Amino acid sequence: MYPASFEYFAPSTLEEAISLLNEHGDEAKVMAGGQSLIPVMKLRFAAPSVIVDLNRIPGLDHLVERDGELVIGALVRHAACERSPLLRGRYRLLGDAAALVSDPLVRNRGTVCGSLAHCDPQGDWGAVMLAARASVVAQGPAGSRSIAIDDLLEGPFATTLAADEIITEARVPDPGERASGTYLKLERKVGDYATAAVAVQVSLDNGHVGEVGIGLTGVGPTNLRAGEAESALRGAEPTDEAIRSAAASAAEAAQPQEDHRGTVAYKRNLVRVLCERGLRTAVAAARAGEE
Ligand SMILES: Cc1cc2nc3c(=O)[nH]c(=O)nc-3n(C[C@H](O)[C@H](O)[C@H](O)COP(=O)(O)OP(=O)(O)OC[C@H]3O[C@@H](n4cnc5c(N)ncnc54)[C@H](O)[C@@H]3O)c2cc1C
């Protein structure tokens, strides 16, 4: 199906883009990679009368470490994350996830920030950013504000962004040398959304768990944080038993629904298995950094 007709703007500055959004309110939509927006417009699930394309705005494609954070600009594509040498080692969680987002066509165009703004419960980046304790910078007519990822993701396809705010960056705190993470995802075939997926980030401090983050994909109304599992592990020795028990707690935190990808029990068990594997992998890699 063709999308409903719309007016197209390709501003060359962020200020101009925000002013267009401010002028047109709920009628307008930002476009970054277009990999979610265009399909929903073609299916007529959305019919914005104004599209504000960010792609001609310079200076939004930075993927750099700055002031103790990894900074991901609004036009950084999934593919750039997949290829970046920065997203190995202690930021491996992000590199692992990038390679599992859809297929190369989508990864070449789709953006990390667009994915966070789209807030699909099946989207991979929300869980990753929860585990990494990331934040986003949102810029609107009144200036910019930082939003912790837990405060951004509101529900299925809903965030706390105002209609005239643009995510200019996602910021991931440096987890330190003795840290690692990973993203494990089960998909029915390459390119599919997750049946379920788990993002894990762990740092070690004298052989004990320092900070830990666990984010879940595809098993709730939005990406979920497994908070009780995190609390149980923080400060503990990462023994087999502690990891098994945290993974069981993460499975309890999941809120899956039965669909063509699996039953509730199957998805919950999948979260447990992926979480256990992810924690073991992250702890082993963090230990290698500790030596
Ligand atoms: C076939 C297919 C398979 C896919 N599989 C997966 C998958 O396995 N895992 C996964 O995570 N994703 C998947 N996706 C979605 C893909 O990752 C998208 O790239 C992503 O969800 C949206 O990023 P985008 O840059 O394309 O955003 P767009 O499509 O341009 O925009 C999406 C929404 O976000 C808003 N938006 C975009 N950028 C900003 C910004 N900077 N500030 C404020 N609002 C903004 C738009 O207004 C729109 O509402 C798939 C998509 C397709 C077409």
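Please refer to the structure higher up on the page.
Residues numbered from 1 in each chain as written. Predicted model: local features only at pLDDT ≥ 70, side-chain atom pairs only at ≥ 80, totals over all residues. Heavy atoms only, no water.

Draft legend 1. Structural context of the site of the ligand. Near the ligand, the surroundings consist of 31 residues, among which Val30, Ser36, Leu37, Thr111 and Asp124 are the closest. Between an oxygen atom of the ligand and a main-chain N or O atom of Val30, the distance comes to 2.6 Å. At 2.7 Å, a side-chain N or O of Asp124 approaches a nitrogen atom of the ligand. Burial of the ligand by the protein chains amounts to 90% of its free accessible area of 970 Å². (Near = heavy atom within 4 Å. Polar contact = N/O pair within 3.5 Å; in protein donor to acceptor, adjacent residues only side chain to side chain. Areas by Shrake-Rupley, 256 points an atom, 1.4 Å probe, with all protein chains shown as cover.)

Draft legend 2. Representation of the sheet that holds strand 11 (residues 179-187) within the structure. Pairing within the open sheet is antiparallel, and its four strands lie in the order 11-12-13-14. Across the chains shown, the open sheet's two edge strands, defined by having one partner strand only, are strand 11 and strand 14 (224-225). Summarising the sheet, strand 13 (residues 208-217) and strand 14 pair through two bridges and their orientation is antiparallel. The partner of Leu216 across the bridge, within strand 14, is Leu224. (Pairing = 2+ DSSP bridges. Helix = DSSP H or I, 4+ residues; strand = E, 2+ residues; numbered from the N terminus.)

Draft legend 3. Examining the side chain of Ser135 more closely. By secondary structure assignment, the location of Ser135 is in strand 6 (residues 135-140). Classification of Ser135 by relative accessible area gives buried; the value is 14%. Setting aside residues no more than four positions away along its own chain, Ser135 makes contact with Ser146, Ile147, Ala148, Ile149, Glu169, Ala170 and Arg171. (Buried < 20%, exposed > 50% of the residue type's maximum accessible area, 1.4 Å probe, protein only. Contact = heavy atoms within 4.5 Å.)

Draft legend 4. Region of interest: the environment of Ala97. For Ala97, the position within the fold is in helix 4 (residues 92-98). Residues Ala97 and Ala28, spaced 69 residues apart in sequence, show a C-alpha to C-alpha distance of 30 Å. Residues contacting Ala97, with those up to four places away along its chain left out, are Trp125, Val128 and Tyr183.

Draft legend 5. Spatial organisation of the sheet that holds strand 6. Spatially, five strands are ordered 4-5-10-6-7 in an open sheet, and the strand pairing comes out antiparallel. Single-partner strands in this sheet number two, and they are strand 4 (63-66) and strand 7 (143-148). With strand direction ignored, the average angle separating the axes of adjacent strands in the sheet is 25 degrees. Running at roughly 120 degrees to strand 10 (residues 166-173), helix 1 (residues 14-24) makes contact with strand 6 and strand 10 of the sheet. (Axes fitted to C-alpha atoms, helices over the stretch in contact; angles between N-to-C directions.)

These figures capture arrangement, not role.
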